[in-house]
Every structure is written in C-alpha cells, then in structure tokens.
Amino acid sequence: MRVQEILARLPRVDHVLDLLADHPAQRPLQKKCVQALLNDVRTSVRGGKHALVTSEQVADLARARLDTYLAASPTLVINATGVVLHTNLGRAPLSEPAIAAMCAAAGYCDLEVDVATGVRSSRLRNLQWLASGLCGAEDVLVVNNGAAAILLVCTSLAGNAGVALSRGQMVEIGDRFRVAEMVAAAGTGVIAVGSTNRTHLRDYQRACEAGAAAVLWVHRSNFVQQGFVGEPSVAELKKVAHANKVPLIADLGSGCLASRTCFDNEPTVAEVLAAGADIVTCSGDKLLGGPQAGIIAGSAALVARCRQHPMARALRVDKVTLAALHATLSLHATTPNNLLLHQVCEQPTSALQARAQAIAEALGWPATAVVEVQDTLGGGSLPGQQLPGAGLCVPHKLGKPSDVARRLRGGSVPIFARVHQERVWLHLRTVPSTADGELTTALKNLHVQIRPG
Ligand SMILES: *Cc1c(COP(=O)(O)O)cnc(C)c1O
C-alpha cells in the first residue's frame, strides 16, 4: 500500500472517540490525546513505516495514555541510586511529622489568623521564631526555593546597582541555571571580580568603588577547586563590605543547620552569619531535610527590606509547604536525630551490609553480589565527599544493564538503580528498610522475566 493510501485510510478522530465513550476523561481531553496519537502515526507512516492502524488500536493506545496522565503524579519510587538528595527523585525525603503536618494543613487551617484573638496574623509567625533561633539570625523570611531567595535578596538589597561576585563562585546549580544569570534576570547587575581560581580582597574593594551595592559570596556547594586557588573568607569580605557600607550576602545553598558526622565540613547557616554575612540564603530541601523552600536569614533591617519588596508576594510559599517546613524545623529544634535525612545519612555500613546479605540470600544470589558502594549526598551538597555504603550488584546473567534498569523501573513501584561500569548497582542507604521486601520481589521478577517461554 502506498503512503498516501495508508494516510487516507487512517481512523477518523470521531470514530475513535466513540470507542472511548466509557472512559472517564472529558471529551476535549480525549480528543487532544487521539489527535496527538494520530499525528504520531502519520509521522511514522511518512517516515516509511507502513503501519495501518485500526480505530480499536488507536482507542487502546489513547486509553493507556489518558490513564497515565490521570494517575497520581509525582508518586512514590524506590531510590536505589545511593544519591541521598537526588534532585530528579524529589531531593530530601520528608520526615513523618512533616508529612502529617502537610495533611493537617491541607484543608482550612489557621494560616493567617491568631486562634486566641481571632485577629489576622502572619503566616510565618511560629516558623520565623524557630528558624531565627536555629539559624542564629535576627529574622527569617521563607520563599519558594533557594533560587527565589537569591532573586529576592539581590533585588531588594542591590536594586539596579550591581552585586560584586567572584568569577570563581559563578556556580551553575543544575539544569543549566546559573547563580549569576538568576541575579541578572531580576535586573541586578553582576560585577564580576577576580579570576576563576583566585580572587583578592582588593578585587572586591574595586567593585565597591565602581558602584557595587552588595557583595555576594556563593558557596561552591556542588564542585571543588584545587591547586593554585584562593579567595577571601566571609570574615574578610565583611570588612570590605562594611567599610563600603554595603551588605554582604552569602548564598549557602546547602541549608546545613547543624553539623553531623557525615557533613561536618559543611558550613552551617549560623556559622556563616556569625562569620559576618548580613544575609544568608539557602534551600529547604537540601541538608535541612525539608520541603522545597528558600530561607533568607539575617539582619532584621535587611530581612524587612526583602519582606516589603513587591516581589516577596510573588515568591511566598503555600500553607502545605509551610507546615512541612515548620515540622522539619521543630525536629531540628528538639530531636534532630529523628530527621529522616539524618537517619539516611548515618546508617552504619554494617546495617546496610546485613540488609544486602538478607536480600541476596532470599534470591539465591552468590555472596559476591553483596558489594561495598560509595554513596553521595548529591543535590549540590558535599561535592567529592562520599559515604561508604553497601548494596547489591545484579548478576550479569539477568540481562543487559540498560534492560535490567528499565525492567526495574517498570514495576508497580518503580526502582531507580545505578548503572555504572556495565553493571546495575542497588545502593541500600537510600532505600527505606521497609521497602526491602518490595525490592526483593522486583529482583525475583527479573529471574522470571528471562526464563524462556
Ligand atoms: C541549590 C543551590 C541553589 C538553588 O537552590 P534551589 O532551592 O534549588 O532553588 C542556589 N545556590 C546554591 C549555592 C545552591 O547549591
């Protein structure tokens, strides 16, 4: 059959829609879906794939696609990559109290009212007190994410004048987004100072003389510099900034509130403020272990300027996020050992090894399948630092690594493994021990799937 002939004989949209009459999705959505499917078919026919499809076939494809669009999303997966803060897998896993708080705030809640007096009040009232205390800051403001925090702080404190930023701190934080470009997008100029590897105090001094309205220090949270490198400390920068009567803004990114054994090299918000930063910005869903949020902590006068800027309204956070962040900060304030993120990071290798052994035995895998692995914090924190962990290496005979990884993602709860050096690795640190059964079943299914017939 000729291409033109196949195209002419493709099912009509109306005809396919009749077959979808019992599908719960509304008609315009069904139509959009069917039209897209038929477009795909036309493209493949024109590309030389002579496929004649029936209305029934298109209806079945449309059903599957519509069901995918309608299913809960995003939804639970098992993170067996060993990357603790995996941006594509939702960064920090929330602690139970944070999850409960989100549910409690989901309906009507006392978001902006004082229950005792019935008078309107701030949505940040309790959170602000807790966060300020934990950050050692006079005041705190919460916005949508770390990027929003940088945007608001630079716009509010530097306006159209520039911020001085070292070329060695022009960080790209992921997905092509760069700190310097984000600052510029808000209309604030960026006065690049120093060189990639070395920046001196006098470089900042010159930028201030050239009109910089703030000094911006950015934590190299996702890469390290080595060799002939050097830059002033926050304490030294403070002197230059204050001599020139401009604020020192520190973008910390990682959001570390308290040092733990596994991230004890990471500066905490309180340390950076104590070292002389006037304002610190960071993320809520990195080492803080909470929901996506941006925290602006520092001097009361400067935080007030951020709060009063019109952009603050556009960047404010939702009640559900506030509830989760508040619960996370409550854990930091009382029982930080109960924070899920800390528990994930501090699992001893021996415990991970024991779990890997139990799974390998249940599957009848050789002892060599139990392996030592290197886990990482990820999400732009602790570059180069690894956490010794344990896990499983899927035996070769179960198939090509890319196929195995794909099959593991295809189960009822998708499992994300690490494919590395032509093998599939399952890191147990990031898998809750309660999911070991699920993981074992999925691995058992790999055997079933390769059995011939
Ligand atoms: C992660 C990060 C950001 C951005 O924070 P998001 O919450 O992802 O928007 C900004 N600066 C630094 C240094 C970071 O590490």
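Details of the structure are given in the entry above.
Below or above, wherever it landed, is the structure these notes cover. (Residues numbered from 1 in each chain as written. Predicted model: local features only at pLDDT ≥ 70, side-chain atom pairs only at ≥ 80, totals over all residues. Heavy atoms only, no water.)

### Quick look at unusual backbone geometry
And step 1. In this structure, the amide linkage connecting Ser73 to the following residue, Pro74, adopts the cis form with an omega of -5 degrees.
And step 2. Of note, Pro74 is situated in the loop between helix 4 (55-70) and strand 1 (78-79).
And step 3. Of note, the phi angle at Arg91 is positive, near 50 degrees, even though the residue is not glycine.
And step 4. Mapped onto the secondary structure, Arg91 falls in the loop between strand 1 and helix 5 (96-105).
And step 5. The exposure class assigned to Arg91 is partly exposed, which follows from its relative accessible area of 21%. (Helix = DSSP H or I, 4+ residues; strand = E, 2+ residues; numbered from the N terminus. Buried < 20%, exposed > 50% of the residue type's maximum accessible area, 1.4 Å probe, protein only.)

### Topic: helix 7 (residues 146-158)
And step 1. The first and last C-alpha atoms of helix 7 sit 18 Å apart over 13 residues, in line with the 18 Å expected at 1.5 Å per residue.
And step 2. Among the 13 residues of helix 7, eleven are classified as buried, and the element is accordingly described as predominantly covered.
And step 3. For helix 7, every residue scored as buried is listed here: Gly146, Ala148, Ala149, Ile150, Leu152, Val153, Cys154, Thr155, Ser156, Leu157 and Ala158.
And step 4. Looking at the residues trailing helix 7, positive phi occurs at Gly159, about 55 degrees. (Expected span 1.5 Å × (residues − 1).)

### Examining the packing of helix 5 against helix 14 (residues 319-334)
And step 1. The contact between helix 5 and helix 14 brings their axes to 8 Å, and the two run at 145 degrees. Where helix 5 crosses over helix 14, the two elements pack in a sense that is right-handed. Of the residues in helix 14, those in contact with Pro97, Ala98, Ala101, Met102 and Ala105 of helix 5 are Lys319, Val320, Ala323, Ala324, Ala327, Thr328 and Leu331.
And step 2. In terms of residue class, the contact of helix 5 with helix 14 is made up of ten nonpolar, one polar and one charged. (Axes fitted to C-alpha atoms, helices over the stretch in contact; angles between N-to-C directions. Left-handed = near helix turned anticlockwise from the far one by under 90°. Contact = heavy atoms within 4.5 Å. Nonpolar A, V, L, I, M, F, W, Y, C, P; charged D, E, K, R; others polar.)

### Brief notes about the site of the ligand
And step 1. The full set close to the ligand counts 13 residues, and Gly146, Ser221, Asp251, Ser283 and Lys286 are the nearest of them.
And step 2. Contact distances for the ligand include 2.9 Å between an oxygen atom and a side-chain N or O atom of Arg91.
And step 3. One of the backbone N or O atoms of Gly146 is found 2.8 Å from an oxygen atom in the ligand.
And step 4. When the free accessible area of the ligand is taken as 380 Å², the share hidden by the protein chains comes to 94%.
And step 5. Within the residue set of the shell around the ligand, elements represented by two or more residues are helix 7 and strand 8 (248-253).
And step 6. Residue classes in the shell around the ligand are distributed as three nonpolar, seven polar and three charged. (Near = heavy atom within 4 Å. Polar contact = N/O pair within 3.5 Å; in protein donor to acceptor, adjacent residues only side chain to side chain. Areas by Shrake-Rupley, 256 points an atom, 1.4 Å probe, with all protein chains shown as cover.)

### Some words on the pattern of salt bridges
And step 1. The final tally for this structure, using the stated rule, is 19 salt bridges.
And step 2. The salt bridge partner of Arg307 is Asp139, with a shortest N-O separation of 3.1 Å. With Arg307 in helix 12 (residues 300-308) and Asp139 in strand 2 (residues 139-143), this residue pair connects regions lying 168 residues apart in the sequence.
And step 3. On the basis of relative accessibility, which here comes to 33%, the residue Arg307 falls in the partly exposed class.
And step 4. When the shortest N-O distance is used, the salt bridge between Arg178 and Glu181 registers 3.2 Å.
And step 5. Owing to a relative accessible area of 46%, Glu181 belongs among the partly exposed residues under this scheme.
And step 6. Among the charged side chains, a salt-bridge network with shared partners connects Glu112, Arg120, Arg123 and Arg316. (Salt bridge = Lys/Arg side-chain N within 4 Å of Asp/Glu carboxyl O.)

### With respect to the sheet that holds strand 15 (residues 423-427)
And step 1. With antiparallel pairing, the four strands of this open sheet are ordered in space as 11-12-15-14. Edge positions in the sheet fall to strand 11 (370-376) and strand 14 (418-420), since each of these pairs with one other strand and no more. With strand direction ignored, the average angle separating the axes of adjacent strands in the sheet is 45 degrees.
And step 2. Note that strand 14 and strand 15 share three bridges and pair antiparallel. Of the residues in strand 15, the one forming a bridge with Val419 is Val424.
And step 3. Contacting strand 11 and strand 12 (386-393), helix 16 (residues 349-363) runs over the sheet at an angle of about 10 degrees to strand 12.
And step 4. The strands touched by helix 17 (residues 401-409) within the sheet are strand 14 and strand 15, with strand 15 carrying the most contacts at an inclination of about 40 degrees. (Pairing = 2+ DSSP bridges.)

### A closer look at the sheet that holds strand 8
And step 1. Strand order in the open sheet formed by seven strands is 2-10-9-8-7-3-6, and the pairing between neighbours is mixed. If you trace the sheet from one side to the other, it starts and ends with strand 2 and strand 6 (189-193), each paired once. Pairwise comparison of adjacent strand axes, ignoring direction, gives a mean angle of 25 degrees for this sheet.

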